[in-house]
Amino acid sequence: MDSQEVWNLENGEVKGLSNKEGPHLIRNAHTMSSSSLRKRSDPMLLPKVRCRVLRQFLNNLQEVILGTKLCLLFPAIPLAVLAKCYQFGRPWIFALSLMGLTPLAERVSFLTEQIAYFTGPTVGGLLNATCGNATELIIALFALHQKKILVLKYSLLGSILSNLLLVLGTSLLFGGLANIKKEQLYDRKQADVNSLLLLLGLLCHVLPLMFKYAAWTDTFTAISTLQFSRASSILMLTTYVAYLIFQLKTHRQLFESQEEDEDGDDEKALIGFWSAFSWLVGMTVIIALLSEYVVGTIEAASDSWGVSVSFISIILLPIVGNAAEHAGSIIFAFKNKLDISLGVALGSATQISMFVVPLCVIVAWIMGVAMDLDFSLLETGSLAFAIIITAFALQDGTSHYMKGVVLSLCYIVIAACFFVHKNPSIHQSTTDSLRVVQSSTGVLTA
């Protein structure tokens, strides 16, 4: 990597850093999916700007803000802030914040890819794996801070269901219809690894649920469930670390995309390291702000729209949050690149199940909040059927549109179930669960 090229990038020069000349970048499913939503920018006017600082800012603004097809949704961010400052209706704040999160999630993926050009494949892959579901993680942490445990559980469950059934289902459906005269093939090895991890995560959710039927008293059940959930979360995080080593080191070839972009421009760093890092920090702060708005206004939106909080958290939040990945997955399925589509859907579901969920349990433990892995009977049953059906659909290494139809219809059935299911008040449910746990505070804090 030539120092002059890095200087050019940091100072607004439009000549990108080639992937072949710099550190090797792993083209995995997430980076390939994100690149499908980017659009070419016209750099012809930038060299005419004489001020170096202004040229650098304009170059970054052009690549980061205007370099995505979702840039039309960026105005929702200041509108959400204005709606909050001027005390507009809380449902409006919720809707605008949700819209603003959509392009931010895609841009975080873009910025982590830019940083990966300078950090190398291992650090870049680790950063991409950590930030792949940054929006879901930040929303979950704010829900945890406000002690809205049910909202947290619902949103994480919805993200897994959305990736397994909606994203993967529609990708297989439209990909099968677009390539109806071709046999669509994919590598089963990656799907098998993700399916095994999802089944392990499912086991850690089913066993706490069974404690309700095996224990003698409610107090004993709450204590056992909480202790088992914390121990299981540590094991799940350990397994996820092993999965990262497997993915980034020992069996990297299973997760690298075999498809190269048709245009070599996608193989260049478009902005410098410190510029990308600064934009990444800034967008993370904005995501945190909008996530706080979403969590704080979700009940008001539920009351105003006449829709249960469970439906909004499990169905609406993940659909908007996964919109960028969803669109990219479908685009690559159209191009008969199912390995990328499967990597997006299964990879995100695995990360949420084995990293985000147990991390929230551990963080709640540190904060003194009682959060366990018991997602209740209806929610756990939906998760179990989604994982099992997906595993069966991917067992033969071939695909057709009928598999997409089945997975998509399964998601519609689950969505209809939570639409008609009226859950109790979030605050009331959280208060009841905490009251049972606090009856044995001495045992839990030991």
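Residues numbered from 1 in each chain as written. Predicted model: local features only at pLDDT ≥ 70, side-chain atom pairs only at ≥ 80, totals over all residues. Heavy atoms only, no water.

### Re the overall build of the chain
Helix and strand content of the chain: 18 helices and four strands. For the chain, contacts bridging at least 24 residues in sequence account for 84% of all contacts bridging at least 6. As displayed, the chain offers around 19600 Å² of accessible surface, 67% of which is attributable to carbon and sulfur atoms. (Helix = DSSP H or I, 4+ residues; strand = E, 2+ residues; numbered from the N terminus. Contact = heavy atoms within 4.5 Å. Areas by Shrake-Rupley, 256 points an atom, 1.4 Å probe, with all protein chains shown as cover.)

### Considerations on the packing of aromatic side chains
Applying the stated criterion to the full structure yields ten aromatic pairs. Both rings, one in Tyr240 and one in Phe355, keep their centres 5.1 Å apart while their planes meet at 25 degrees; by these two values the pair is stacked. Taken together, the residues Tyr240 in helix 10 (residues 218-250) and Phe355 in helix 14 (residues 338-367) connect sequence positions 115 residues apart. For Tyr240, a relative accessible area of 6% translates into the label buried. Members of the aromatic cluster, joined through ring pairs, are Phe118, Phe273, Trp274 and Phe277. One cation-aromatic arrangement involves Arg107 over Phe110; the distance from NZ or CZ to the ring centre is 4.3 Å. (Phe/Tyr/Trp six-rings, centres within 6.5 Å; stacked < 30°, edge-to-face > 60°. Buried < 20%, exposed > 50% of the residue type's maximum accessible area, 1.4 Å probe, protein only. Lys NZ or Arg CZ within 6 Å of the ring centre and 35° of its normal.)

### Notes on the nonpolar core
Looking at soluble globular proteins, one finds that nonpolar side chains tend to be buried together. Within the largest apolar cluster, 98 residues are counted, with the highest numbers of intra-cluster contacts made by Leu164 and Leu342. Top element by residues in this core is helix 8 (residues 149-178). It accounts for 15 residues. Setting aside chain neighbours within four positions, we find Leu342 in contact with Leu168, Leu172, Tyr186, Ala191, Gly347 and Leu394. (Core = buried A, V, L, I, M, F, W, Y, C linked by side-chain atoms within 4.5 Å.)

### A short note on a nonpolar patch on the surface
Nonpolar side chains collect at one region of the surface, where Phe174, Leu177, Ile180, Phe334, Tyr401, Met402 and Val406 lie side by side and expose about 630 Å² of accessible area between them. Listing elements by their share of the nonpolar patch, those giving two or more residues are helix 8 and helix 16 (401-420). Sorting elements by how many residues they give to the nonpolar patch places helix 16 first, with three residues. Here Phe334 falls in the partly exposed class, since its relative accessible area comes to 43%. (Patch = residues over 30% accessible without salt bridge, like charges linked within 9 Å, V, L, I, M, F, W, Y side chains within 5 Å. Salt bridge = Lys/Arg side-chain N within 4 Å of Asp/Glu carboxyl O.)

### Here we look at the packing of helix 5 (residues 90-119) against helix 11 (residues 273-305)
The contact between helix 5 and helix 11 brings their axes to 7 Å, and the two run at 155 degrees. Considering the angle they form, helix 5 stands roughly antiparallel to helix 11. Here helix 5 runs over helix 11; the crossing is left-handed. By residue class, the composition of the contact of helix 5 with helix 11 is 26 nonpolar, nine polar and two charged. (Axes fitted to C-alpha atoms, helices over the stretch in contact; angles between N-to-C directions. Parallel < 35°, antiparallel > 145°, perpendicular 65-115°, else oblique. Left-handed = near helix turned anticlockwise from the far one by under 90°. Nonpolar A, V, L, I, M, F, W, Y, C, P; charged D, E, K, R; others polar.)

### Some points on the pattern of salt bridges
Enumeration over the complete set of coordinates arrives at five salt bridges. The shortest N-O distance in the salt bridge between Lys148 and Glu299 comes to 2.9 Å. Remark: Glu299 occurs in helix 11 and Lys148 occurs in the loop between helix 7 (134-145) and helix 8; sequence separation between them is 151 residues. Classification of Lys148 by relative accessible area gives buried; the value is 5%. With a relative accessible area of 16%, Glu299 lands in the buried category. A salt bridge links Asp187 to Lys189, with the nearest nitrogen and oxygen atoms 3.7 Å apart. Since its relative accessible area comes to 49%, Lys189 is described here as partly exposed.

### Digging into unusual backbone geometry
For Gln87, which is not a glycine, the phi torsion comes out positive at approximately 55 degrees. Take Gln87: it is sitting in the loop between helix 4 (76-85) and helix 5. Even without being a glycine, Asn336 presents a positive backbone phi close to 65 degrees. You can see Asn336 is positioned in the loop between helix 13 (323-334) and helix 14. Judged by relative accessible area, which is 25%, Asn336 ranks as partly exposed.

### Topic: the packing of helix 11 against helix 12 (residues 309-321)
Where helix 11 meets helix 12, the closest approach of the two axes is 9 Å, and the angle between their N-to-C directions is 115 degrees. Taken together, the axis directions place helix 11 and helix 12 in an arrangement best described as roughly perpendicular. For the element pair helix 11 and helix 12, the recorded crossing hand is right-handed. Residues Val294, Ile298, Glu299, Ala301, Ser302 and Trp305 of helix 11 form the contact with helix 12, whose own contacting residues are Val309, Ile312, Ser313, Leu316 and Leu317. In terms of residue class, the contact of helix 11 with helix 12 is built from eight nonpolar, two polar and one charged.

### Details of the environment of Pro208
Relative to the helices and strands, Pro208 is located in helix 9 (residues 188-214). Between the C-alpha atoms of Pro208 and Ser232, which are 24 residues apart in sequence, the distance is 9.9 Å. Not counting the four nearest positions on each side in its chain, Pro208 is found in contact with Leu203, Thr225, Phe228, Ser229, Leu373 and Asp374.

### Side note on the side chain of Thr398
For Thr398, the position within the fold is in strand 4 (residues 398-399). Reaching out from Thr398, the side chain makes a polar contact with the side chain of Asp396 at a distance of 3.0 Å. Discounting residues that sit within four places of it in the chain, Thr398 has contacts with Glu183, Gln184, Leu185, Tyr186 and Lys403. (Polar contact = N/O pair within 3.5 Å; in protein donor to acceptor, adjacent residues only side chain to side chain.)

So yeah, pure geometry; function would need other evidence.
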